[in-house]
Amino acid sequence: MELGFTGGIALVVLLGVVGQVAAKALKVPSILLLLALGLVAGPVTGLVDPDALLGKDLFPLVSMAVGILLFEESLKLDMARLKGGARRPVALLVTVGAVLTGIGATAICWWVLDLPLSRAAVIGAILIVSGPTVVGPLLAIIRPKQPLESVLAFEGIFIDPIGATVALAMANVALHAAPEHLGATAFSGILTGAVAAAVYVVAVRWGRVPAAAEVSLAFATALATYAIAEAFHEEAGLFATTTLGIALANQRWARIEPLHEFGSHVGLLLIGTLFILLTARVDLDALATYALSTLAIVALLVLVLRPLVASIATTGSVLSSRERVMVGWMAPRGIVAASTASVFALRFEQDGQPFEQLVPVVFGVILLTAVIYGLTGPWVAARLGVRSEGPEHLDDDGVPIAQVQARG
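Residues numbered from 1 in each chain as written. Predicted model: local features only at pLDDT ≥ 70, side-chain atom pairs only at ≥ 80, totals over all residues. Heavy atoms only, no water.

### Some points on the confidence of the model for the protein chain
Selection criterion: Confidence per residue, as judged by the predictor, is encoded in pLDDT with a range of 0 to 100. Note on conventions: DSSP H or I runs of at least 4 residues are helices, E runs of at least 2 residues are strands, and numbering of each starts at the N terminus. Throughout, a contact is declared for two residues whenever any of their heavy atoms are within 4.5 Å.
Residue-level pLDDT values for the protein chain average 82, and 89% of them are 70 or greater. Mean pLDDT across the elements of the protein chain ranges from a minimum in helix 19 (residues 401-407), with 47, to a maximum in helix 15 (residues 291-314), with 95. Note that residues 403-408 has pLDDT below 50 and, in this model, ten contacts with residues that lie over four places away or in other chains.

Written as structure tokens, this is what we have:
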């Protein structure tokens, strides 16, 4: 059945929203339903063909959408959100842990897939990320005690923009093989994002911006920041929007509470639409081709790399030995991993250097880790004795409501 442009876009948006709403009702990671809906709408039934639907505009639109998504994620990188004993293990997990995960995942992909080191590093960097959209629902099911709950929630919040930025750097190296390209791209993006943040703060704090217009202004600022950075250097837009979000999250002159409304409303539409579009492009034959390799990668990530990284990053922290083991058994991958993999795959294709392993392997890791941790997480937490006695009320990021109120 031929839906046409209007029907195709409507179906993509509808599936993206319905998938997330249904996932919340069923208390399962939304990424699982979005994956299933995208595969059914795309390669299974052929109802959605993103390349035919958007043509040559697919790559720039997806790239811009990822930039806005990273802006929304980066708004959560407020270091003041971390309190007490959770601060140290989270800080180590998203710094030392991120480095070790990137190096370890790169080595695994290089060995299992027999890739050039530069390409293995792209996948390895993408696999650093986790994210609240997949961790939050899992924590609601697992219900770990404090401070373990906060450690896992905040790691998921902080790691997405960090991992995506590292992945962007690795993709630039693999594509250009020239440090000056990466340096110029990163510098121009970071500078553009910092200037845009200053302009927004001045406008909101000392301008006459109505409170009701702050969310719209933030959305427009993020789009403009992305476009300006891209005008200076291709692919600088992701650096720019990430910098914009981080800068706004850690300044104290202008309130950013209204911007989190951006994440809960526009973000809902954006994440669902983006993921349906990207999943609809997945080649089922490619998934099958790399299925065994992906299983091997996931086994090494879950059974070896994550426990090792968690052990190193949580040594000497307030977490008990049982809680540290639970940290080692919680590293699902989410929507930012899928988005960045798809964007970079499109970029490799446009440069005439197809990277056929990138999308099927990353999507396979996302699916398998979500299933593994979703099915075993509650059982492992119960056996370790780290589950709370009753359910806690969590926000959309998996952070306890009482802690959020205390921050306010």
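Past the structure itself, the notes keep going.
### What to know about the packing of aromatic side chains
Our working rule: Ring pairs are drawn from Phe, Tyr and Trp, using the six-membered ring of Trp, whenever the two centres fall within 6.5 Å, and their geometry is named by plane angle: stacked under 30 degrees, edge-to-face over 60, tilted for the rest. Relative accessibility decides the category of a residue: with a 1.4 Å probe and only protein chains considered, values under 20% of the type maximum give buried, values over 50% give exposed, and everything between is partly exposed.
This structure, assessed with the given rule, holds three aromatic pairs. When the ring of F275 is compared with that of F363, the centres are 5.9 Å apart and the planes differ by 25°; the resulting orientation is stacked. One end of the pair, F275, is in helix 13 (residues 257-280); the other, F363, is in helix 18 (residues 358-384), with 88 residues separating them in the sequence. Among the residues examined, F275 registers a relative accessible area of 0% and is labelled buried. We classify F363 as buried; its relative accessible area is 3%. With a centroid separation of 5.8 Å and an interplanar angle of 80°, the aromatic rings of W329 and Y373 are classed as edge-to-face. Of this pair, W329 sits in the loop between helix 16 (321-327) and helix 17 (335-350) while Y373 sits in helix 18, placing them 44 residues apart in sequence. By relative accessible area, W329 is classed as buried at 19%. Taking relative accessible area as the criterion, Y373 reaches 0% and is therefore assigned buried.

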